[in-house]
Amino acid sequence: MNREVPVSFKSRATPTAAAEVAASILRRSKLRPTLAIQLGSGFQHLLASCTVVLEIPYASLPGFAMPDVPGHLGKFVLGSVEKIPVVLLGGRSHYYEGKTMGDITFPIRVLAELGIKSILLTNAAGGINSSYRPGDFMCVTDHINFMGENPLRGAVAPGRRRFIDMTDAYNRSLRRLLQEAADQAQIRLHHGVFLAVSGPSFETPAEIRAFGLLGADAVGMSTVPETIVARQCGLKVAALACITNLAAGRNKEPLSHHEVLETGKRVAPQAAALIENFVRLYASH
Ligand code: HPA
């Protein structure tokens with residue numbers, strides 16, 4: 001019987017493959033952005049603000065995992081926002097989908113090989129801080145990794161270091177730009193600590209109380225692995241969370257992914273304004 005041996009997806013998301021994928025993208029366009037934005041749950045609509053030069057479905061990029069969560073499109077876009085060249089990662093894969101840390105952080109390694117210097121990561125999060133309301137935004141000042149794994153575990157990527165300083169993981173000057181962008185759009189922006197869990201179950205009220213005591217202001221199921229790998233690759237990182245719901249036990253309603261998407265849709269215009277302003281300020285800072 002002529003049975004085809006399936007190529008393991010994981011085997012293609014290696015740090016060495018990142019350089020090859022980047023080279024293939026660079027051959028297809030002359031645009032050389034230094035800023036990338038990863039669009040998480042509730043942020044996909046930013047694609048509408050982008051003048052697209054090159055759009056590639058993740059499925060056509062070796063090593064890029066196709067997200068299997070509603071609200072994540074799964075496309076790599078090279079183009080411009082506010083006339084500033086950018087890369088948009090339209091959607092991300094999550095650890096809870098069963099993908100490895102190497103899989104979900106592979107696009108970040110490709111960005112580094114493309115010459116990207118700064119990345120804005122976006123996500124949906126549950127509000128732990130009692131002053132946060134659904135629809136608010138939070139600029140991440142620091143994180144707590146509660147995912148139970150670190151994406152740098154294992155062999156060191158060629159040319160990279162193993163032990164990465166995380167003291168100023170979320171870049172101060174990019175955080176200032178986010179605040180300025182929010183001020184311009186008259187949007188209230190919280191600044192707080194993001195705690196990442198692996199998911200996919202939402203947290204229990206007892207976990208949320210514990211996370212609050214640990215110093216977390218918001219909780220989500222992404223972003224931290226990408227931040228760690230971006231820092232290893234020398235990228236400056238900023239992260240913006242949309243507080244799509246109050247965390248478990250903070251109100252009487254049960255939590256659902258539907259609520260996460262609905263809030264994201266409701267605040268889409270504010271999210272777009274904030275990010276467009278950020279891109280403009282980034283280009284002039
Ligand atoms: N918990 C974890 N992840 C989330 C939440 C939450 O309440 N909301 C959006 N992503």
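The structure under discussion appears in the preceding block.
In short, a report on the structure.

Let us look at the site of the ligand. Residues in close proximity to the ligand include Ala124, Ala125, Gly126, Phe202, Glu203, Val219, Gly220, Met221, Thr244, Asn245, Leu255 and Val260, which together make up its full environment. Contacts to the ligand include Glu203, whose side-chain N or O atom sits 2.8 Å from a nitrogen atom. Here the ligand occupies the second largest pocket. Elements with a contribution of two residues or more to the shell around the ligand: strand 5 (118-127), strand 8 (218-220) and strand 9 (236-246). Here the shell around the ligand gets three residues from one element, more than from any other, and that element is strand 5. Residue classes in the shell around the ligand are distributed as seven nonpolar, four polar and one charged.

Let us look at the packing of helix 3 (residues 101-114) against helix 6 (residues 224-232). Orientation of helix 3 relative to helix 6, taken along the N-to-C sense of each, is 50 degrees, at an axis distance of 9 Å. Classified by the interaxial angle, the pair formed by helix 3 and helix 6 is oblique. In the packing of helix 3 onto helix 6, the handedness of the crossing is right-handed. Here Met101, Ile104, Thr105, Ile108 and Arg109 of helix 3 come into contact with helix 6, specifically with Pro225, Glu226, Val229, Ala230 and Gln232. For the contact of helix 3 with helix 6, the class distribution of residues is six nonpolar, two polar and two charged.

Among the five residues that make up strand 1 (residues 35-39), five are buried, leaving the element largely enclosed by the rest of the structure. In strand 1, alternate side chains face the same way, and those of Leu35, Ile37 and Leu39 on one face and Ala36 and Gln38 on the other are all buried. Strand direction decides the pairing type here: strand 1 and strand 4 (residues 84-90), joined by five bridges, are parallel. Its bridge partner lying in strand 4, Ile37 is registered against Leu88. Strand direction decides the pairing type here: strand 1 and strand 5, joined by four bridges, are parallel.

The subject of this paragraph is unusual backbone geometry. In this structure, the amide linkage connecting Gly199 to the following residue, Pro200, adopts the cis form with an omega of 0 degrees. Its location among the elements puts Pro200 in the loop between strand 7 (189-197) and helix 5 (205-214). The phi dihedral of Lys83 is positive, around 65 degrees, even though this residue is not glycine. With respect to the helices and strands, Lys83 occurs in the loop between strand 3 (75-81) and strand 4. Located in the positive-phi region is Thr223, a residue other than glycine, with phi close to 75 degrees. Topologically, Thr223 is positioned in the loop between strand 8 and helix 6.

Calculation rules
- Residues numbered from 1 in each chain as written.
- Predicted model: local features only at pLDDT ≥ 70, side-chain atom pairs only at ≥ 80, totals over all residues.
- Heavy atoms only, no water.
- Near = heavy atom within 4 Å.
- Polar contact = N/O pair within 3.5 Å; in protein donor to acceptor, adjacent residues only side chain to side chain.
- 1 Å grid on protein atoms, 1.4 Å probe; cavity = no way out; pocket = protein on both sides within 12 Å on 5 of 7 lines; lining within 4 Å.
- Sits in = over half its atoms within 2 Å of the grid points.
- Helix = DSSP H or I, 4+ residues; strand = E, 2+ residues; numbered from the N terminus.
- Nonpolar A, V, L, I, M, F, W, Y, C, P; charged D, E, K, R; others polar.
- Axes fitted to C-alpha atoms, helices over the stretch in contact; angles between N-to-C directions.
- Parallel < 35°, antiparallel > 145°, perpendicular 65-115°, else oblique.
- Left-handed = near helix turned anticlockwise from the far one by under 90°.
- Contact = heavy atoms within 4.5 Å.
- Buried < 20%, exposed > 50% of the residue type's maximum accessible area, 1.4 Å probe, protein only.
- Pairing = 2+ DSSP bridges.

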